[in-house]
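Coordinate analysis (summary)
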Amino acid sequence: MLPTTGAGAGLGAAGATDGSAFTAVLGNIDQLQQLQSTSQGLAVQAVTGDLDDVHDYTIAAARSSLALELTAAVRNKAVDAFTEIMRMQA
């Protein structure tokens, strides 16, 4: 299950100068990789006929897809924020 403190929650921590917010974002990327790995493993099991319940693969694939979309959205917002900051300095 995705954690309740997502990558976006760590980015909003103003005043966190110890790098903990960045570490939390990297931890979420590791979780994304784990979800994708699990989904791929279950996909292989489903194709080879070793998977007893296809619902497990369906759920894992949906979770992996959602986590990837969330990560991409957070990245896009971070790039937008950086671009806006650079525009204000010009």
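Structure first, text after, so check above.
Rules behind the numbers
Residues numbered from 1 in each chain as written. Predicted model: local features only at pLDDT ≥ 70, side-chain atom pairs only at ≥ 80, totals over all residues. Heavy atoms only, no water. Salt bridge = Lys/Arg side-chain N within 4 Å of Asp/Glu carboxyl O. Helix = DSSP H or I, 4+ residues; strand = E, 2+ residues; numbered from the N terminus. Buried < 20%, exposed > 50% of the residue type's maximum accessible area, 1.4 Å probe, protein only. Patch = residues over 30% accessible without salt bridge, like charges linked within 9 Å, V, L, I, M, F, W, Y side chains within 5 Å. Areas by Shrake-Rupley, 256 points an atom, 1.4 Å probe, with all protein chains shown as cover. Lys, Arg positive; Asp, Glu negative; His and termini not counted. Charge placed at Lys NZ, Arg CZ, Asp CG, Glu CD.

**Things to note about the pattern of salt bridges**
The tally for this structure, following the rule as stated, stands at one salt bridge. Linking Glu-84 and Arg-87 is a salt bridge whose minimum nitrogen-to-oxygen distance equals 2.8 Å. Within this pair, Glu-84 and its partner Arg-87 are both found in helix α3 (residues 54-89), separated by three residues, close to a single helical turn. Its relative accessible area of 37% is what places Glu-84 among the partly exposed residues. Assessed through its relative accessible area of 54%, Arg-87 is described here as exposed.

**Section: a nonpolar patch on the surface**
There is a patch of nonpolar side chains on the surface, built from Phe-82, Ile-85, Met-86 and Met-88 and spanning about 420 Å² of accessible area. With respect to the helices and strands, the residue Met-86 is situated in helix α3. By relative accessible area, which is 38% here, Met-86 ends up partly exposed.

**Structural notes on a negative patch on the surface**
There is a patch of like negative charges on the surface, built from Asp-50, Asp-52, Asp-53 and Asp-56. Residue classification places Asp-56 among the partly exposed positions, given a relative accessible area of 40%.

Honestly, that's just the spatial picture; any functional story needs more than this.
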